[in-house]
Amino acid sequence: MWQKTDRSQKYGVAVYNFSSRLPHRLTLNIGDTVQIAEELDGWFYGCKTKNKNECGIFPKSYIHVREAVVAKFGSLERVTSTESPIAQEISTVLREWHTIWKQFYLDQNEELENIQVMMLELMDWRKKIMSRKLTNEEVKDLQQRVSSRIDFGNAMLGLDLVVRDEQGNILNPDNTSVVELYKQHETASDRIRLEQNTVTGVRDTSITGPQTFNLFVQLRNFVCRIGEDADILMSLYDAKFSKFISENYIVNWGKDGVPKDIEMLNNFRVVFTDLGSRDRTRERVYLVFQIIRIGVMDPKDVEDKKQTRRLRRPFGVAAIDITEYLNGLKNDAEEDKQIFIPFQSCGEKEFMDSLIKKVVVAKEINHKGQGLWVSLKVLQGDVKQVKEDYPHLVGPNTCVSRKLGFPDVIMPGDVRNDIYVTIKGGEFTRGPAKTADKNVEVTMVVCNNKGEVLKDVISYGCGGDMMSEYKSLIYYHEDKPKWQETVKVAISTEEEFKGLHLKFTFKHRSTSETKDRSERPFAMAFIKLMNKNSTTLSDTDHNLLVYKDHNSPDLKSSKKMKITEKKEDRDKFSPYLDLPSTREIFNEQNIQPTGKVTLFSGPFTLSAKDSFVISSFVCSTKLTHNVVLLGLLQWQDIMTDTTKLRDHLEKLMKVDGEEIVKFLQDLLDSLFSILMQNTISDVYDNLVFDALVHIISLISDRKYHQFRPVLDAYVESSFSFAMAYQKLMIILRDYVDKAMETNQKILKSAMKSLEYLFKFIVQSRNHFARLNDGRGKQSFELQLKQLIKSISNMMLYTSDNTLVAQGSALKYMCATIPDILKVFDAVELSHLMVEFINNVPKERLTKQKLKCIDDLVHSKLFVLPECRLILLPMMLQHTRVLMEQKEEIEDCIEVLSNILNLTFSRDMDKYEEDISLITKMSLRTVIQACINLDKTSKEAIKCVCVLLSMLRQMKELHFSQYMDMEEFAFLIDLRDFLMEILMLFLDLVSNNVFPPDWMEMIMLENSIILRALQIFAKVIHDRFTQEFERELWGFFFKCSISFLTQKSLQLEHFTSSKRSKIVCRYRDMRREAGFEIRQMWFHLGVNKIQFIPDMVGAVLEMTLIPEIELRKATIPIFFDMMVCEFMQIEPSTRKIKGNFNQVEHELIMCLDALVEGGQGDGEYKDLICDILYKLCSNHSTLKEQGLRFVNTIKELLQHLLEYRKIIQSEVKELRMSCIVNLLNFYHDIGRQEMYIRYLYKLCDLHMKCDNYTEAANTLKLHVGLLKWTDDGLDPMLQSGWYPAARTHRELKEYLYYDIISYFDKGKMWEKGIELTKELVHLYEEELYDYERLSVILKRQAELFACIIRELRPDPEYFRVGYYGRGFPSFLQNKVFIYRGKEYERLTDFNSRMQTLFPNAELLKSLSPPSSEVKESDKQYLQINAVTPVLELQDRFLNKCVNEKILKYYSVNEVQKFTFSRRIDESGADISQMWLERTYLTTLYSFPGILCWFPVNHTDMRKVSPLENAIETLETTNKRINSLIEQHIADDHLSTNNLGMLLNGVVDASVNGGISNYKVFYSEGYGESEIQLHLVHKLKDITKNQVMLLKEALLIHRRKVSEELRPFHDHMEQRFKEMVKLIHKEYRLNVPDSFATLKRIKSQSCVPISRVSEVLNNPNNPQNLSDSSAAPSPGLKTSHSTRAPSVYIKPDKSAPTTPIRPNTISRMNPFKRTSVASLANTSDHSSEGGGSNRNSLEAPIELSEQLTPRRPLRSDEQRRLSRPNSFQLMPPIMNSTSNSSLVSNTSSTAENSDFELGDEMPTPPLPEKTAYSDYSNVEITPSPSHHRANSGNRKSKVSFLRIFHRGSTASLNEIDGHKTDKKTLGSPDSMT
């Protein structure tokens, strides 16, 4: 029994795919989450969390159970995972992306790899989050990166934008105001845009990172063979300027390849701090590692114990570019990711500085596996913040390497007194006793004025100890060394700075330790740290003078001078301090040593040839280079010197701001001290105030804005002048009161400094109050109020002189509010602020005034309810006036948005009064602004947000109060308001102002609009029902339905997760809107008729939305409309209308458009029909019409849904079928406009498929609706092809020309002629337009000529049965006849159909399919060829008709088709073979508007073996006769096809020939009268075949070439044997040798050539006389040049005209008469007889075709044209008998008397043709023959071309219209 699961098993994740066809199983994919409800044994029962409707059972083993939180809501349970929100979000995103990723893979989308990389990143980050091993800061940082990556990926994939708070959590719209939500959307969009620009390489410099950041570096390992101890110096390096920008970090590395302190292994960490925005903009920043070897001079001598040790020597450099890490382009730097940095060793004579420059530009370094492994990470914030946020990285022992210079912000307490000294280089002469350059080592110490060395003041870098002296690198034998080594001199601020100096000594270091001990410094140099004016050493290069020691080896060897000095004197003082230290000072003093005595002091003598260069950089908050600052900082020293003090105060304005901010705290202390000194005259108060204002203004500038916290900290912590407020207030008020007289620059600075002036005033007052127990409070408040009023009064000035100061006051006044509130009443201050803003003159400083109002909104005053009620009216009044004047719209909207943002709360009662005030004063103004603004502008979007925010925060009470205002005292005013807002709503839902991916914003907007519509619906119903306003009601319906049908609410188009998210928060808003519309419709009452039929389309669009409850609620509106129209009283008759034609018409029209557009489904069809059927059935009056209408709708929807489904398919044939179904439907119900619409769709499809005949027939349907009148066209009859046609005749005429053109292209010239005849009648009898008549007659003549001249392939027809339910419903289990394309045979057609239906299976049998096949879900095709049945027209009866004319009707204008199949497939005896013949009748005749039509009638009958034999022989006779006719008509025709056919008949060697039918010729065969008749008919046909064979052999003998003469002789021999066999075995009396079939000739006696001559030259009298003359005997032969004619047997009732004997030429042996005439008359005459074209009983007259000469063929051409052996096969199937009269197996017949050559004269042979053509055979040749002739079609065309090239005959001669001029009139030329 199923048991409910406990809380521990409520939630799980599928770890395997599960799928089963068994019922009640839940299909699962890996990763699907399930909510488990019950369990039983090894099964769970539950549902998917993403779709609770999918429920079922699934195996326990497929599920990994996870912890979950179960929340109960009544009987419902909500199960959520215990994972962190960010982990859950990653899971959801991965599922959504995975679906898209798979589609990308199928589509081979170029973004496939990008999305895959991001998914892998998210999975990796999710693992880290789930591991729970990260610190809070790491989790926070990772969450930001996850959020950024998800947002970026969603944007790339076109998914919705996810809005987040500052922590990266998804924002909840319920707790967020509309304005704030919009701002967050904007921020997220900007962030994603920045990331996209970063990915594409486009950097957005407008958005920068945090101001202060740090670089964390951890040295993991150093792999290099050194062999001695080493120091690794790590620092930041600016490659562009080739200088270091940070202090060094020192790592002591041991000679064993490990750290000296092994405990520090993998723990070398440093933070490079003080980095700021300027460091982000550096072009190339490198992290550089300098390796200093500490040991012997030459590493080769490391084992030599006599070598000097502990020498510092350059060893190598490693560097990595970190620019992209610093500026944020790379974010893959992690503390646990190791980066390899290759190492480059130093050359023998290479300086370290040169090697660094070389490494940073090198593309590759041959490191040979040597290098360093480090980890990097950028940490945001200052050092203090970093230590708090990243305690696992930056601990107490982590070294901090400071930047060489100040950070962007110098905080109070950050006291520095550092001097960075860089030993750059020097030049030292070689002494007289030296043979090589020195190995110079520089030693630097810091000494006081007594020469004492200061202890521990020098630092070579963090990580190392402070030292008293520093020793430089040593370059071997280098007299011009370049060190470029920087050290820091850190001197305590308590140290006496005067007299301090840097002392440098230079010593030669010997490689031998013994010699090195005896070496002493050979020279020295020094520089003082303080100048004479007490300023610090300047930041520049210093060229120091080098002084040599007299005891040095250089001076000892010199005999120029000897100076002795006592040791104790040298130790007691430093005599060199009086000497000049730098070359600059030396030049300034202009010292000129006299004689040979150089400059000296004590033991030191100037060395003119030596030089030494250093640079210095002071980084101190106590030492300055500026004299003015120094004077003010030491103001006590010059307190009595008033002139100097005044001068310093005035010059402070010109001091660089960089210097001022360094000493900000000390400088402010000095200024306030001067201000408060009573001993100094008050004259200096203004100067001190100006200096103070200058400093505050400086901090207010953007350049130094980062120092604001420093100033804030000073005010809060360091400022301690209790009496300063009095002087500050007095001086400031004096400045303001005398604004017109005061220096405007100073006044502007004072206004700019208002915030900090009031901070100082308030802080000073607080200090005073604490010291004096609050004494003087009232006096102070009065002074403060007066000061504020003075500032307020200053705003009244209208002079341009004070404009700048007034603008500054507006800008900075609100910044004083937080401090003023500490000592002043808030309400009174609110009144003062209102007065301050209202005092600004109109049209003056408008923008600044609005900015001030906005600042006031963000002030603490606005937070207080009592103050807000004072401030709001002023704010709203100013914004309303400006918005109505369309001035500063953007700023006004910004103010209103901030007001609404700050007054938003879930507790709407909290701001009820404020919202009421905002609504009354601003709602209408905002609505009008939204209407007028350009919706694509940013201002319009913000304005919409303001409106939405207002409507969201308004309660129903607010709406009611607003519409009850005096402004809406008249209903027309309220109507206008409602129309305005409804118009705006309609615009918003139709053209949303928000981007489509802002889903949260759009859904919140829709929820607000829906609530407003519900409220307005009640107002419209209550106030505008009695005084009905149709326009208002109509606009409400239009707006509501547009809202309901908008794209963003169609939930079925969204993913399941998105859909459930929307429904969970907002519900399905469509349902609510639909119910509101339904309610409003039924509230209309008697006014409903005013919206019929206008609202039918809108309601239909609403009901088509696939929401079942909505459909059920709204579909009855249609029935209500039908009833309203049906029961409407006609004004004229006062009777009910009795129909609902308008509703019906509009509904059909709209259904067609909407369903075709993609709306509606089968469920809708069933639902609307069921609902309307029930409603109509229960209505007594409407029942009959209603039910008929329901059936119409049902059928229409069926056709439309089929059409919509098929129209997306590439199979144009199916689309055509659907269109025809719709055509027929609209024709049946009389909807002409829809009928014509689909008619042209069908025509367009035919044109795309080159179905010109069908396109023409389609247009004829439109023509059938038009008349030959000048009546105006109804709109429904108009054609989009000819918009200019206004009358029936005009359009019909245009269409006729198109149709004729299409018929011409489709080679349906007969159809075109029919239309030209109508146009001829129109132009000749109606319009008398002879000009157009001549044109159309020419066109008609061309069409007639095409029938005779042009080659027109006969189309084949095919039967196609569609069996199975897998086909569309209009094809299922139906049979169609298809008209094939040109030259398309059965195999080609099969391939085409299987291409159209690739899943269909081809049935191999023609047997009717079983019911199982028909009901199967698969697709089955049954295809076979069919033969059209000719139904000859009466007009051809009793006429001799050209075969080309009749040939058209054999395959066109046909509606009946037939095919046969064997009943017994096993039998081999043809004489016993019965056939089943099927006759199919199609619904329409071919060709029509389609290439296929359904079969509507089928008839079957059996065909006996005897009938089959007759049909087989008849078919053969027809083919022989056709070839004879062709050769008679064209004497140039090749004999190839004729020879192949004859050979197959007279020499049937395969299928037995006539011997198969031997039994039918026996005397005893046939019992019934019918059988006897058929036997007689068979014998007659056999006789006719003999005669045809004889005539054909005569033609072949006459035309055969010499090469084929043996072939012909063989056929004649076989023919003789065949005749003898027939006579002997079958007892048939064959006519004698002179008998032939008679052929009728009936044509004009005037030759074509004569007609052409007359027409071409009508004025020639000779032509006229010739045309009227009787034809000469020779001209009679020209009659044979026409195409073959067939005499058609008339009806029995019609009289026959006998053929006169003299019409047959007795001289021509090729003329033949009928068998009947030979039997009945001795003079070869006979009575005329006739039959249909397929019968050979027709009398046919044979005439001769004269042929022109042709060039002889080559032997090769003759061989190629020689036919293969050919057997004529029966037309039904291969196994049937052929049409030969004899069998090759018969014994050879004896010589017969019936011999061709003996009985008649031999005709002259024609000239050999240049080329032979065997392609005119009408049955399929053998494969070899097919290859030789390239098919029937191409052969015929090529024959005409070759014939034209090889003949001198004209085109008319080729066409058979002209005889050879040489033979005309020549009796001798005729045989």
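The rules behind the values
Residues numbered from 1 in each chain as written. Predicted model: local features only at pLDDT ≥ 70, side-chain atom pairs only at ≥ 80, totals over all residues. Heavy atoms only, no water. Helix = DSSP H or I, 4+ residues; strand = E, 2+ residues; numbered from the N terminus. Buried < 20%, exposed > 50% of the residue type's maximum accessible area, 1.4 Å probe, protein only. Contact = heavy atoms within 4.5 Å. Phe/Tyr/Trp six-rings, centres within 6.5 Å; stacked < 30°, edge-to-face > 60°. pLDDT = per-residue confidence, 0-100.

J.: Describe the overall build of the chain, with residues and values.
T.: Of regular secondary structure, the chain possesses 65 helices and 39 strands. Taken across its 1871 residues, the chain has 52% of its residues classed as buried. For the chain, contacts bridging at least 24 residues in sequence account for 73% of all contacts bridging at least 6.

J.: Go over the packing of aromatic side chains with me, naming the residues and quoting the values.
T.: This structure, assessed with the given rule, holds 60 aromatic pairs. Residues Tyr460 and Tyr470 carry aromatic rings whose centres are separated by 4.8 Å and whose planes lie at 40° to one another, so their mutual orientation is tilted. Taken together, the residues Tyr460 in the loop between strand S21 (458–459) and strand S22 (469–471) and Tyr470 in strand S22 connect sequence positions 10 residues apart. For the pair formed by Tyr460 and Tyr470, the shared burial category is buried. Each ring, one from Phe968 and one from Phe977, has its centre 5.3 Å from the other, and the planes form 40°; the classification is tilted. With relative accessibility at 5%, the residue Phe968 sits in the buried group. By relative accessible area, Phe977 is classed as buried at 2%.

J.: Any details on unusual backbone geometry? Residues and values, ideally.
T.: The omega torsion across Ile1092 and Pro1093 is 5°, close enough to zero to call that bond cis. You can see Pro1093 is positioned in the loop between helix H37 (1069–1083) and helix H38 (1096–1103). Geometrically, the link from Phe1486 to Pro1487 is a cis peptide bond, its omega value of -10° lying close to zero. Position of Pro1487 among the secondary structure elements: in the loop between strand S37 (1475–1486) and strand S38 (1492–1503). In this structure, Gln108 takes a positive phi of about 55° despite not being glycine. For Gln108, the position within the fold is in the loop between helix H1 (85–107) and helix H2 (112–131).

J.: Talk me through the confidence of the model for the chain; I want residue IDs and the actual numbers.
T.: Per-residue confidence for the chain gives a mean pLDDT of 80, with 81% of residues at or over 70. Mean pLDDT values for the elements of the chain range from 31 in helix H65 (residues 1851–1854) up to 95 in strand S31 (residues 1357–1363). Low confidence marks residues 555–573, where pLDDT is under 50. Its contacts with residues over four positions away, or in another chain, come to 17 contacts. Confidence drops under pLDDT 50 across residues 1660–1683; counting only partners more than four residues distant or on other chains, this segment forms 39 contacts.

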